[in-house]
Amino acid sequence: METSERELRAMVRAVDEAHREGMATVADDIAELHHGEGSRIMGPTRQQLARGVGLGGTAVALGAAMIPLSALFSPAYAQSGDAGLAAFAESVELAAVEAYKAAAASGKVTPPAVLEAATTFAGHHTEHAAAFGAAAGSSATNKPNAKLLEAVGTQLGAAADEAALLEIAYGLENAAAATYLFALGALTSKEPLQLTASILPVESQHAVVLGSVLGKPATDFIPGFETVDLAVDPAKYPIS
């Protein structure tokens, strides 16, 4: 492990604090979405939300043999509305939860601090899934994205060691961040935008922590800007 356990725990605490801050107003925002005015906003405000939302991993892909993530959200799916996008995000988050559980249960991740990080990040994804599910309302499935989980699960099963498992998690976090960056340009209501803008940087910070543990150069996980190139395409990974 390139990062000491003390350093890793400090980084995880910092990410956890950011997560807690971002989730602090989620319940009120979702209540306003379903029972309040649910303000709709236009492009310029959306762009303001997108500025500085966090670090991403545009230079790193999960690998063509694992999950081809170069495609963007299909226009047809984006037209399904904010509830459909929230439901898709919920399914991605639940797939990430299962991926972290599988990695932790593999027996190949042994340093206590790394296991603690995996447990913490899985907890974040669980809460993110619940928030997106609440935002999706009746469109929520409360299930992990089956095709994404199958693709990731195949790679987790083939992973030879801890580094290989962390590489998969690193790619998944970057894919989630890219997915939510796309969502910032597709969502139209204030509350889902606020939710997405609060979750995106946490996913990106997960990737930063994992990249540090893997000993990657900072330029790999702290690019000059985020793009949607790694976004999970719902046409390839539909929710069931």
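Quantities reported herein were computed from a predicted structural model and do not represent experimental measurements. (Residues numbered from 1 in each chain as written. Predicted model: local features only at pLDDT ≥ 70, side-chain atom pairs only at ≥ 80, totals over all residues. Heavy atoms only, no water.)

Bringing the environment of Ser198 into the picture now. Among the secondary structure elements, Ser198 is positioned in helix H9 (residues 190–213). Here the alpha-carbon distance between Ser198 and Arg20, two residues 178 residues apart in the chain, equals 10.0 Å. At 2.7 Å, the side chain of Ser198 and the backbone oxygen of Leu195 are in polar contact. (Helix = DSSP H or I, 4+ residues; strand = E, 2+ residues; numbered from the N terminus. Polar contact = N/O pair within 3.5 Å; in protein donor to acceptor, adjacent residues only side chain to side chain.)

Between helix H1 (residues 5–23) and H9, the least distance of the axes is 9 Å, while the angle of their chain directions is 175°. Taken together, the axis directions place H1 and H9 in an arrangement best described as roughly antiparallel. Two secondary-structure elements touch here, H1 through Leu8, Met11, Val12, Ala14, Val15, Ala18, His19, Gly22 and Met23 and H9 through Ser198, Ile199, Val202, Gln205, His206, Val209, Ser212 and Val213. For the contact of H1 with H9, the class distribution of residues is eleven nonpolar, six polar and no charged. (Axes fitted to C-alpha atoms, helices over the stretch in contact; angles between N-to-C directions. Parallel < 35°, antiparallel > 145°, perpendicular 65-115°, else oblique. Contact = heavy atoms within 4.5 Å. Nonpolar A, V, L, I, M, F, W, Y, C, P; charged D, E, K, R; others polar.)

A separate point is the packing of aromatic side chains. Across all of its chains, the model carries two aromatic pairs by this definition. Consider the rings of Tyr100 and Phe121, whose centres lie 6.2 Å apart with planes at 80°: the pair is edge-to-face. Of the two residues, Tyr100 sits in helix H5 (residues 82–105) while Phe121 sits in helix H6 (residues 112–136), which places them 21 residues apart along the sequence. Phe121 matches Tyr100 in its accessibility class, with the two residues each being buried. (Phe/Tyr/Trp six-rings, centres within 6.5 Å; stacked < 30°, edge-to-face > 60°. Buried < 20%, exposed > 50% of the residue type's maximum accessible area, 1.4 Å probe, protein only.)

All right, on to helix H7 (residues 146–158) then. The first and last C-alpha atoms of H7 sit 18 Å apart over 13 residues, in line with the 18 Å expected at 1.5 Å per residue. Of the positions making up H7, those classed as buried are Leu148, Ala151, Val152 and Leu156. Looking down the long axis of H7, one finds its buried residues gathered within 135° of arc, a one-sided arrangement. Exposed residues on H7 whose side chains face more than 90 degrees from its buried face are Glu150, Thr154, Gly157 and Ala158. Buried residues along H7 sit against H5 and helix H8 (162–186). (Expected span 1.5 Å × (residues − 1). Arc of directions from axis to C-beta.)

Looking now at the confidence of the model for the protein. Counting all residues, the mean pLDDT for the protein is 77, and 72% of those residues have values of 70 or more. By mean pLDDT, helix H3 (residues 43–50) is the weakest element of the protein at 33, and H6 is the strongest at 95. (pLDDT = per-residue confidence, 0-100.)

Another point: empty space enclosed by the protein. Going through the model one piece at a time under the given rule, you end up with three cavities of 30 Å³ or more. Of the pockets and cavities examined, the largest cavity occupies roughly 110 Å³. In terms of lining residues, the largest cavity is bounded by 15 residues, among which Tyr100, Val114, Ala118, Leu166 and Leu210 are the most central. Broken down by secondary-structure element, the contributors of at least two residues to the lining of the largest cavity are H5, H6, H8 and H9. A per-class count over the lining of the largest cavity returns 15 nonpolar, no polar and no charged. Approximately 90 Å³ is the volume found for the second largest cavity. Where the lining of the second largest cavity is concerned, the elements lending two or more residues are H5, H6, H8 and H9. Its residues assigned to classes, the lining of the second largest cavity shows twelve nonpolar, two polar and one charged. (1 Å grid on protein atoms, 1.4 Å probe; cavity = no way out; pocket = protein on both sides within 12 Å on 5 of 7 lines; lining within 4 Å. Points joined across faces, edges and corners; volume = space filled by probe spheres on them.)

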